[in-house]
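Coordinate inspection notes
Residues per chain are reported as follows:
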Amino acid sequence: MSINSTTNKNFTNFYQVKTKHSGLLSWLLTTDHKRIGIMYLVSILTFFLVGLTFAFLMRLEMLTPGPTIVDAQTYNSFFTLHGMIMVFLFIIPGIPAVFGNFFLPLQIGAEDVAFPRLNLMSYHLYLVGAFLALYSLIFQTHIDTGWTFYVPYSLRTGTDVTLTLMAAFILGFSSILTGLNFVTTCHRMRVKGMKMFEMPLFTWALYSTAWIQVVATPIIGITIVLVLLERSFGFGIFDPTLGGDPVLYQHLFWIYSHPAVYIMAIPAFGVISDVVATFSRKSVFGYKVMAYSTLAIAVIGYMVWAHHMFTSGMSDTARTVFSFLTFFVAIPTGVKVFNWVATLWRGTIVLSSPMLMALSAIFLFSIGGLTGLHLGAISTDIHLHDTYFVIAHFHYVIIGGILSMFIAGMHYWFPKMFGTMHNEKVAKTGVVMYFIGANVLYFPMFIMGYMGMPRRYFDYLPEYQIYHVVSTVGSWILISAILLMFINLLIGIFKGKPAGPNPWGAKTLEWTMPSPPPLLNFIETPIPNHDPYDYHDHDERVFREAKEKEKEIINQENS
Amino acid sequence: MFEQTSKYVSTVDGAMLYITAFSVLMLLLITVAMIYFVIKYRASKNPIPTQYHGNIVIEVIWIVIPTIIVLSMFYYGYTDFSELRNTKEYDEEYFVTAKMWDWDFKYENGTITDTLYVPVNKTLKFNITSLDVLHSFYLPAFRIKEDAVPGRDGFIFITPLETGVYDIACAEYCGVNHWDMYKKLVVMEQDEYYAWVESQSKENKPEVTTSEEKTVESESTEMSENNEN
Ligand SMILES: [Cu+2]
Ligand SMILES: [Cu+2]
């Protein structure tokens, strides 16, 4: 890396580039994957904050038994809105839409994704779907079905779910197109000399996720069409009074929505792999096993959906088979955790904010994953199903594992995306608060769930109050942590010091170009290493000295 | 943890304990290893990393051993469940009907009540269905639930070992009063229970023999009509 390229003087970065459009249109009509990534980041975070508000209100309502701030109908709307917004607008598109769009081409040495216009169309579909969803959810009807839309309730409820379902349908298309784009990009756009098994593990994660998006998402589309037909024209598909079968709906719903859990989780695993390798100054332990386990999760994850239905009235044989299969998805997931920990072994460990967050995420995600075992075994699941235990389990996975890694990704790639550094001290304080908040918020729910507190309850028996109070206090800590980290990053964009091309000492290709990247990414065609995390000649002392020199030069040029 | 409300409860709690113990052990292992490595190999102490690309023997070990352990969990969960589901002989049978937002409990003699009365030390079968949307018949103290699906009959068995009053809850979201479907399961001494059943059937004698239209509980008339179809 020559010193010259540490500053932005010799080229224009993708923010400064003039196109035929200007202002907002230069964003909304761009086909640059980086701009699309940034637009996703802004929209997704906006919707996340809306979903977070509903979470905050729900926890507040649960502070005391009986009505605390709202009535039962409103509470039911809250958890529906929270679930819908977080699942469909935030966590499913989440990491692939934001960091996938921005960094997939960079990690494989490409100028853009395979189909840039299709990529823009995905974003437009996302935006249309999202606004339709928000409009229908908040302004048109106080939808109260839960994000699962179980029939017959969703067919009968007085609240109008048609528009919301249309929104979910459109969002599904956005997801399919992104998946299609990423699969093609990984196969066709890799820089000369990079084999499939030389891609960074984040790219591997995006690739596996993209396959699930392409294969699983159409099923939710079809299911939505069937529900709409039934609601509008009285087709008897799901409604028993018309001769339909409500359990069929659950199958169709979970055939998509279980793999969707992996659409959310696998990219987060990818971020952990990249972050842990970078801050251990070491190649990921068992790279190939990691790549294959990512694929294995994608494939096995497709065959375990009915573990959500052990009490639904499906046959005992089906319950047994799905319980059996479910345990196999635990294996590649466990292998990943072991390999991350093994990567630390004999490394050179630097506890920057993304690394701290990744280590915290490994811990929290492990709790989420291990309690999945309780829910995979039939006899225990029958007790725990639809209780707070399940809420705790999947929030440990989603908040502890996935949101953690989304935020870790925001910190890790922040200098590349915006060209400046955030305040690391504040960021680390945020990570610690996040860790405490998540545990205080979700751990009491395991206990409540085991005691028998069902989920989606507006009110509860007095013996649960102590757990609810602790949990609500936890929600305040967690939300403060999230806001602290977001504000810190926001300040970093405007006030942060220039970051240079590679502030973390990372080895993947996105760090070989200036920050923020130029329009077509690479100034010279990069030459990939056979090992994407090639630290064989690394010495932390030499790296830090070079860093100091680079900082001086940047400061001189800027003054 | 170990309430002896039924034999099944202790097997479920046993499975719960087994899985939890394994989970805690794994979590400790992972956490202790992480903390140890982070301290021992911190950049200031270990500035030059040792490159190490993996080890196939280790990978095989940590694929095979967890596989065996989780399959034992599957087996544990499965045997308890299948033993319970394949109960062939039972002493009493009840018909549980869910509707928005209430339960009705019908006895073999046609009586319908709002609180579920059962005898202790007998094997009981509950047939569960719904009149409208999905509900779920949940007995937390007995570690068991089964969805109430309209147009279908689900069933569960319990064998209570102790008398007492237990909660019945709805565990499948069913609308605005989903939270308000708590009812009581009263486990009585056998002679007490049979005396009670006897008194109920006397009160209802004319109706019981002909149809199920009239019952002790008010407002359940409409219910039993629905039950017919
Ligand atoms: Cu699932
Ligand atoms: Cu309910």
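What counts and what doesn't
Residues numbered from 1 in each chain as written. Chains lettered and ligands numbered in written order. Predicted model: local features only at pLDDT ≥ 70, side-chain atom pairs only at ≥ 80, totals over all residues. Heavy atoms only, no water. Donors = N, O, S within 2.8 Å, 3.2 Å for Na, K, Ca; no water. Tetrahedral: all angles 85-135°; square planar, octahedral: opposite > 155°, others 65-115°. Buried < 20%, exposed > 50% of the residue type's maximum accessible area, 1.4 Å probe, protein only. Helix = DSSP H or I, 4+ residues; strand = E, 2+ residues; numbered from the N terminus. Domains from an automatic or database assignment. Contact = heavy atoms within 4.5 Å. Buried area = accessible area lost by both parts, 1.4 Å probe. Salt bridge = Lys/Arg side-chain N within 4 Å of Asp/Glu carboxyl O. Patch = residues over 30% accessible without salt bridge, like charges linked within 9 Å, V, L, I, M, F, W, Y side chains within 5 Å. Areas by Shrake-Rupley, 256 points an atom, 1.4 Å probe, with all protein chains shown as cover. Polar contact = N/O pair within 3.5 Å; in protein donor to acceptor, adjacent residues only side chain to side chain. Nonpolar A, V, L, I, M, F, W, Y, C, P; charged D, E, K, R; others polar. Pairing = 2+ DSSP bridges. Phe/Tyr/Trp six-rings, centres within 6.5 Å; stacked < 30°, edge-to-face > 60°. Lys NZ or Arg CZ within 6 Å of the ring centre and 35° of its normal.

For a metal with four donors in a tetrahedral arrangement, the ideal angle between donors is 109.5 degrees, while six donors in an octahedron ideally sit at 90 or 180 degrees. Residues and elements named next belong to chain B. Within the protein, the copper ion (ligand 2) binds to Cys 170 (SG), Glu 172 (O), Cys 174 (SG) and His 178 (ND1); these donor distances fall in the range 2.1 to 2.5 Å. For the copper ion (ligand 2), the four donor atoms in the first shell make angles of 88 to 129° at the metal, a pattern classed as tetrahedral. When the donors of the copper ion (ligand 2) are listed by position in the chain, the intervening gaps give C-x1-E-x1-C-x3-H. Each member of the pair, Cys 170 together with Cys 174, is buried.

Bringing the coordination of the copper ion (ligand 1) into the picture now. Residues and elements named next belong to chain A. His 258 (ND1), His 307 (NE2) and His 308 (NE2) make up the full set of protein donors to the copper ion (ligand 1), lying at 1.6 to 2.2 Å. Counting residues between consecutive donors of the copper ion (ligand 1) along the chain gives the motif H-x48-H-H. With a gap of 49 residues between them, His 258 in helix α9 (residues 246–280) and His 307 in the loop between α10 (287–300) and α11 (316–344) connect regions that are remote in the sequence.

Another aspect to go through is the domain arrangement of chain B. Residues and elements named next belong to chain B. What the domain assignment reports for chain B is domain 1 (7–85) and domain 2 (92–228). Counting from both sides, the interface comprises seven residues of domain 1 and, opposite them, 10 residues of domain 2. Carbon and sulfur atoms make up 54% of the area that domain 1 and domain 2 hide from each other, which totals about 680 Å². For the pair domain 1 and domain 2, the number of links is two salt bridges.

Attention now moves to the pattern of salt bridges. Tallying each qualifying case throughout the model produces 17 salt bridges over all chains. In this structure, the salt-bridge partner of Glu198(A) is Lys195(A), at a minimum N-O distance of 3.7 Å. With a shortest N-O distance of 2.8 Å, Arg143(B) and Asp13(B) are connected by a salt bridge. Remark: Asp13(B) occurs in helix α1 (residues 7–40) and Arg143(B) occurs in the loop between β6 (135–139) and β7 (144–148); sequence separation between them is 130 residues. Note on accessibility: Arg143(B) and Asp13(B) belong to one class, buried.

This brings us to a nonpolar patch on the surface. All names here are of chain B. Together, Ile 56, Val 57, Val 60, Ile 61, Ile 63, Val 64, Ile 65 and Ile 68 give the surface a local cluster of nonpolar side chains, amounting to about 710 Å² of exposed area. Considering the arrangement of structural elements, one finds Val 64 in helix α2 (residues 56–85). We classify Val 64 as partly exposed; its relative accessible area is 41%.

This part covers the interface of chain B and chain A. It is common to give the size of an interface as the accessible area that goes away when the parts come together. Chain B puts 72 residues into the contact, and the matching count from chain A is 93 residues. A combined buried area of about 7100 Å² lies between chain B and chain A, and 68% of that area is made up of carbon and sulfur atoms. There are three salt bridges connecting chain B and chain A. For Asp245(A), the salt bridge goes to Arg152(B), with nearest N and O atoms at 2.8 Å. Applying the counting rule to chain B against chain A returns 27 residue pairs in polar contact (both at pLDDT 80 or more). Counting only elements with at least two residues in the side of chain B that touches chain A, the list comes to α1, α2, β7 and β9 (164–170) of chain B. Considering every element that reaches the side of chain B that touches chain A, the biggest residue donor is α1(B), with 17 residues. For the side of chain B that touches chain A, the per-class residue count stands at 46 nonpolar, 13 polar and 13 charged.

Another point: the sheet that holds strand β5 (residues 124–130) of chain B. Residues and elements named next belong to chain B. The sheet built from five strands is open, its strands ordered β3-β2-β1-β5-β8 with mixed pairing. Across the chains shown, the open sheet's two edge strands, defined by having one partner strand only, are β3 (112–113) and β8 (154–158). As paired strands, β5 and β8 are joined by five bridges and run antiparallel to one another. Residue Lys 125 lies in a different strand from β8, and its bridge partner there is Phe 157.

With that settled, the discussion passes to unusual backbone geometry. Each neighbour pair has its own omega, and for Ser515(A) with Pro516(A) the value is -10°, a cis peptide bond. Mapped onto the elements, Pro516(A) comes out in the loop between α16 (465–495) and α17 (540–558). With an omega dihedral of -5°, the bond running from Met100(B) to Trp101(B) counts as a cis peptide bond. One non-glycine residue with positive phi stands out, namely Arg281(A), at about 50°. The exposure class assigned to Arg281(A) is buried, which follows from its relative accessible area of 2%. Positive phi, normally seen in glycine, also occurs at Arg456(A), with a value near 60°. The residue Arg456(A) is located in the loop between α15 (424–451) and α16 in this model. Here Arg456(A) falls in the buried class, since its relative accessible area comes to 11%.

Residues and elements named next belong to chain B. Most of β5 is tucked away, with seven of its seven residues classed as buried. Inspection of the sheet shows strand β1 (residues 92–99) paired to β5 by seven bridges, in the parallel sense. For Ala 98, the partnering residue across the bridge sits in β5 and is Ser 130.

Quick look at the packing of aromatic side chains now. A complete count under the given rule lists 73 aromatic pairs over all chains for this structure. Taken together, a centroid distance of 5.5 Å and an interplanar angle of 75° make the contact between Tyr153(A) and Tyr173(B) edge-to-face. On the criterion of chain membership, the pair formed by Tyr153(A) in helix α6 (residues 153–156) and Tyr173(B) in the loop between β9 and β10 (183–188) is interchain, its members lying in two chains. When its relative accessible area of 5% is taken as the criterion, Tyr173(B) is described as buried. The ring centre of Trp345(A) lies 5.1 Å from the NZ or CZ of Arg346(A), which sits over that ring.

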